[in-house]
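As a plain string of letters, each chain reads:
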Amino acid sequence: MTTQLFESNTRGKADFGWLKANFSFSFGNYFNPERLQFGMLRVLNDDIIKGGMGFGTHGHANMEIITIPLEGGLKHRDSMGNIGVIGFGEVQVMSAGTGVEHSEMNASHIDEAKTLQLWVFPDKEEVTPRYDQKSFDIENQINTFVNIVSPNDMNDGNALWVYQKTFFYLGIFDSNTRSTYQVRIPNNGVYLFLIEGEIEVNNHVLKARDAMGITDFETFEIKIITKSKILLVEVPMN
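Since the structure is predicted, the reported quantities are computational estimates derived from the model, not experimental observations. (Residues numbered from 1 in each chain as written. Predicted model: local features only at pLDDT ≥ 70, side-chain atom pairs only at ≥ 80, totals over all residues. Heavy atoms only, no water.)

Student: Please clarify how the sheet that holds strand β5 (residues 54–60) should be interpreted in this entry.
Tutor: Pairing in this open sheet of four strands is antiparallel, and the strands run β5-β10-β7-β8 from one edge to the other. Of all the strands in the sheet, the pair left with one neighbour each is β5 and β8 (83–87). The mean inter-strand angle of the sheet, taken between neighbouring strand axes irrespective of direction, is 20 degrees. In the sheet, strand β7 (residues 73–78) pairs with β8 via five bridges, with the strands oriented antiparallel. Across the sheet, residue L74 finds its bridge partner in β8, namely I86. (Pairing = 2+ DSSP bridges. Helix = DSSP H or I, 4+ residues; strand = E, 2+ residues; numbered from the N terminus. Axes fitted to C-alpha atoms, helices over the stretch in contact; angles between N-to-C directions.)

Next comes the structure, spelled out in structure tokens:
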């Protein structure tokens, strides 16, 4: 097993007043040639959006976009005719395909919204754009990883799906517990992002917002030191 620790304070940062962003990979004005992507995972942005503010209409193409609200909600509007709000406990996917325009605004005019947004390169380009969202009861499934995103041809109907051999899992774990992850597709890697808490993987201690890239494995164990919320992203490495 090969691991690489990415401490939270080494991420790229941007502060526009209305938006405070942390970039796990090169994005916008942040460029780090050593942090371009992890396999097919291209973007992991950790955003805090001021009340009443957000991202105006902008376009995407040939990218799988997954949005995970952590606090508050986002009002979504797109060129496919979708209008709605996603909040904590929900996950949104969008296959940009041949091209889509959308906006994402804080659903509250007062409270901050905290979100994770991830982009994954698709394994099929120029598809018809599509949108979906779903609620997941993570908090009532303690000490297990809940599958929130799967490949379009390996989906059991419980998770959202995208055009890539990628699996997303969210889990909340009690302190002093352990969890073992087994790779779903041989030679895939895992990008582990610790949302909250403190854990240990391969003799490395991770704290909130730290991440680890894990490759060349069949299984690995996570030791939960304090109550933790973990995002696992399994992706092809090439």
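Student: Explain the pattern of salt bridges here, please?
Tutor: When the charged atoms of two side chains lie near each other, side chains of opposite charge can form a pair. Throughout the structure, instances matching the rule amount to six salt bridges. D123 serves as the salt-bridge partner of K165, at 3.6 Å between the closest nitrogen and oxygen. Remark: D123 occurs in the loop between β11 (113–120) and β12 (130–135) and K165 occurs in the loop between β14 (160–162) and β15 (167–173); sequence separation between them is 42 residues. Among the ionic pairs, R178 bridges to E221, the shortest N-O distance being 2.8 Å. In this pair, R178 is assigned in strand β16 (residues 177–182) and E221 in strand β20 (residues 219–235), connecting sequence segments 43 residues apart. (Salt bridge = Lys/Arg side-chain N within 4 Å of Asp/Glu carboxyl O.)

Student: Any chance you could explain empty space enclosed by the protein here in plain terms?
Tutor: To find leftover empty space, a probe the size of one water molecule is rolled over the atoms. Within the structure shown, the criterion is met by two cavities of 30 Å³ or more. For the largest cavity, the calculated volume is near 120 Å³. As for the largest cavity, its lining consists of 15 residues, of which P69, F88, G89, I138 and L170 are closest to the centre. At the level of elements, β6 (64–71), β9 (90–95) and β15 are the ones that each hand at least two residues to the lining of the largest cavity. Broken down by element, the residue count for the lining of the largest cavity peaks at three residues, all from β6. Its residues assigned to classes, the lining of the largest cavity comprises 11 nonpolar, one polar and three charged. In this structure, the second largest cavity spans a volume of roughly 30 Å³. Around the second largest cavity sit F6, R11, S24, R35, Y191, F193, R209 and A211, which together line it. (1 Å grid on protein atoms, 1.4 Å probe; cavity = no way out; pocket = protein on both sides within 12 Å on 5 of 7 lines; lining within 4 Å. Points joined across faces, edges and corners; volume = space filled by probe spheres on them. Nonpolar A, V, L, I, M, F, W, Y, C, P; charged D, E, K, R; others polar.)

Student: Teacher, can you tell me more about the layout of surface pockets here?
Tutor: Of the voids in this model, the largest pocket is the one considered here, and its volume is about 340 Å³. Residue lining of the largest pocket: 22 residues in total, with L19, F23, F27, N45 and F55 positioned closest to the centre. In terms of residue class, the lining of the largest pocket is built from 10 nonpolar, nine polar and three charged. Of the voids in this model, the second largest pocket is the one considered here, and its volume is about 180 Å³.

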